[in-house]
Amino acid sequence: MINIKSYHPDEQLCLISTSNDDSTAALVLLDYRGEVIETLVLVNLLRKGGVNDPSHKLLFETDKNEIILLLKKRPISGITVSPKNLRSQFLKLEIMNIIDEIYQGNENRPFVFYTNPSVSLVSIYCDPIRNDTVGLSPLLREATSLGRYVLDPLAEVSTLWHENDRLNLVLNLNLSPFQNQISQNQLKQSLENKLVEITNEVGVDLNMCISTHSRSSVLQFVSGLGPRKSKKLIEKLKGENKKMESRSALFSKGFLSKTVFINSIGFFKLESGFDYLSQNNKLNNEDNIEWLDFTRIHPDHYKIAKKIAMDANDDSKLSESLLIYNIMKNPKKLDELDLEDYGNHLSQRSNCNMSILISQIVQEFKQPFFDYRQEFQINLTKQQLFYKITNESSYHLLDESLITLRILGFDDRGLRMVTDSGIPAFANMNDIKDGIVEIKEMELKSMYPIDTHVRARVKQINFEMIKIRVSLRNSDLNNHRDFLKRNSILEHYELHIGENFILNRNEDFPAASPENRAADRKFIPRKINHPFF
């Protein structure tokens, strides 16, 4: 959920995020930082009405034109839809039809995709001041959170974090069906450690935290800071009302104490440097830019990094800044150096292994602040989409599970039913009663009256068409072991009858003692053993 790269649109492009309930659709236009530009609430687009009703058609066209106007106001990079219910499919389909109508084969058309709504569904309970959604309705807040999650998953999840367990919405995210088996204190500690680990691996853009309130929460997970120091740092930087152009200014201008500066500075990055490096800009020898500020290299090791850059350059007349810039633009020059010998030399002088530091410096020259996270997934699998849209759990609704269904009707093929979440279900004639292939209509009416509820066994789930095939036979309902064997379900999951596991109450269900509960209420300084720390 947080170990995912951001979806980076161009700074000139915007993102449209959508959410909906059964009858209302909400659209939010966001810039590349996640700031809300414009909102749109449509009450007629998803409203169910008669196909031949002129008034419904007129209202539908009115909402459609509102979307067209929104699309034409700004260049759009993508449109994300929250797959939270069955009406989300209809919303996505209508948006795609509108885009086809506007762009008509244009290659620069916005891409429409689903996004995991787990974070956005929880964010509506977050303090609006904390996530910068004051004045927005719950549906618009949900759409805003969904779009910000696309732009920066780590920052949006960090917004839900709070030191007070009752206000900490990250603990409410459904991450695993077994997370309730551990104490909340253990869950919180594990999640905090993971947030710190990912934050420090990715790095934090300090200028983005200053300019955008919704991105500043991630700062508290930088090693060496914390919720209190990060809040004070943001307040001081906003008081200056200007962008940070160098990391050293954080200490020289008194924003951070020496100890905090040394501990945290390696995890701060300045995005403007990456933009400059990616362009074919030419520097003068008089330009004095500290290019190492745009890497993970710690200021304590700038001297070693500059020595490597000087050895790799042939032109000794160039300034120190230009030497480093040339190496970062053309890092292949580093391959010509005997860095192993240089590492051994430094190791002898410092009585510690410096080869690891040399390799990290070279890696930063080649790929400054490289993001090791997974690529953002803009195409959900059919199975993922099925469970998101239906709000069902993949641990409860699956092949061989028992479910409750409501009878809708019947025909010559079998019974038509529906689940509580609205998924159509069907039972063939040979799956209704043991030993009977054909049942008369009058007998079906008396056995299964319409609107009554029955228990059924899931035989097959059609993830693409969003429907399920079930069995009502007593042999399938009562004999679970034979059902597993007959349908080869255990083999599908590489299991065998007789396999089991034992739960240890003391280990698997730890109970907090009164002493531990009292200790949990105390503020405990964070201790992180991070590889880059």
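Looking at the side chain of S216
Then comes step 1: Its place among the elements puts S216 in the loop between α7 (206–211) and α8 (227–240).
Then comes step 2: When residues no more than four places from it in sequence are discounted, the contact partners of S216 are C209 and I234.

Describing the sheet that holds strand β9 (residues 414–418)
Then comes step 1: Strand order in the closed barrel made by the five strands is β8-β9-β10-β12-β11, with mixed pairing throughout. With direction set aside, neighbouring strand axes in the sheet form an average angle of 50 degrees.
Then comes step 2: Here strand β11 (residues 453–462) pairs with strand β12 (residues 467–471) via five bridges, running antiparallel. Residue pairing in the sheet places Q460 in a bridge with R469 of β12.

Some details on a positive patch on the surface
Then comes step 1: Together, R228, K229, K232 and K236 line one region of the surface with positive charge.
Then comes step 2: When you line up the elements, K236 lands in helix α8.
Then comes step 3: In this structure K236 comes out as partly exposed when scored by relative accessible area, which is 42%.

Overview of empty space enclosed by the protein
Then comes step 1: A full pass over the atoms with the stated rule returns one cavity of 30 Å³ or more.
Then comes step 2: The space that makes up the largest cavity amounts to roughly 30 Å³.
Then comes step 3: Every residue lining the largest cavity is listed: L206, M244, S246, R247, L250, F268 and L270.
Then comes step 4: Taken together, the residues of the lining of the largest cavity break down into five nonpolar, one polar and one charged.

Observations concerning the packing of helix α12 (residues 302–312) against helix α13 (residues 320–329)
Axes are the key here: two packed helices are described by the angle between their axes and the distance separating the axes.
Then comes step 1: The contact between α12 and α13 brings their axes to 9 Å, and the two run at 75 degrees. Viewed along their axes, α12 and α13 adopt a mutual orientation that is roughly perpendicular. Residue-level inspection shows K306, A309, M310 and A312 of α12 in contact with α13, the latter providing E320, L323, I324 and I327.
Then comes step 2: Considering only residue class, the contact of α12 with α13 consists of six nonpolar, no polar and two charged.

Looking at helix α14 (residues 339–350)
Then comes step 1: Between its first and last C-alpha, α14 extends 16 Å over twelve residues, near the 16 Å set by a 1.5 Å rise per residue.
Then comes step 2: Of all the positions in α14, only L339, Y342, G343, L346 and S347 are classed as buried. The buried side chains of α14 occupy one side of the element, clustering within an arc of 140 degrees when seen end-on. Opposite the buried face of α14, by more than 90 degrees, sit the exposed residues E340 and Q348.
Then comes step 3: On its buried side, α14 packs onto α12 and α15 (355–366).

Structural notes on the environment of L405
Then comes step 1: In this structure, L405 sits in strand β8 (residues 402–410).
Then comes step 2: In sequence terms L405 and V470 are 65 residues apart; their C-alpha atoms lie 9.8 Å from each other.
Then comes step 3: For L405, the contacting residues outside a window of four places in its chain are M417, V418, T419, A425, T452, H453, V454, A456 and V470.

A look at the pattern of salt bridges
Then comes step 1: For the structure on display, the rule yields 20 salt bridges.
Then comes step 2: As a salt-bridge pair, K188 and D165 come within 2.9 Å of each other at their nearest N and O atoms. You can see K188 sitting in helix α6 (residues 184–202) and its partner D165 sitting in the loop between α5 (153–159) and α6, a full 23 residues away along the chain.
Then comes step 3: When its relative accessible area of 13% is taken as the criterion, K188 is described as buried.
Then comes step 4: We note a salt bridge from D293 to R247, for which the minimum N-O separation is 3.6 Å. Of this pair, D293 sits in the loop between α11 (271–278) and α12 while R247 sits in the loop between α8 and α9 (249–252), placing them 46 residues apart in sequence.

About the cut-offs
Residues numbered from 1 in each chain as written. Predicted model: local features only at pLDDT ≥ 70, side-chain atom pairs only at ≥ 80, totals over all residues. Heavy atoms only, no water. Helix = DSSP H or I, 4+ residues; strand = E, 2+ residues; numbered from the N terminus. Contact = heavy atoms within 4.5 Å. Pairing = 2+ DSSP bridges. Axes fitted to C-alpha atoms, helices over the stretch in contact; angles between N-to-C directions. Patch = residues over 30% accessible without salt bridge, like charges linked within 9 Å, V, L, I, M, F, W, Y side chains within 5 Å. Areas by Shrake-Rupley, 256 points an atom, 1.4 Å probe, with all protein chains shown as cover. Salt bridge = Lys/Arg side-chain N within 4 Å of Asp/Glu carboxyl O. Lys, Arg positive; Asp, Glu negative; His and termini not counted. Charge placed at Lys NZ, Arg CZ, Asp CG, Glu CD. Buried < 20%, exposed > 50% of the residue type's maximum accessible area, 1.4 Å probe, protein only. 1 Å grid on protein atoms, 1.4 Å probe; cavity = no way out; pocket = protein on both sides within 12 Å on 5 of 7 lines; lining within 4 Å. Points joined across faces, edges and corners; volume = space filled by probe spheres on them. Nonpolar A, V, L, I, M, F, W, Y, C, P; charged D, E, K, R; others polar. Parallel < 35°, antiparallel > 145°, perpendicular 65-115°, else oblique. Expected span 1.5 Å × (residues − 1). Arc of directions from axis to C-beta.

As far as function goes, none of this settles anything; it's purely spatial.
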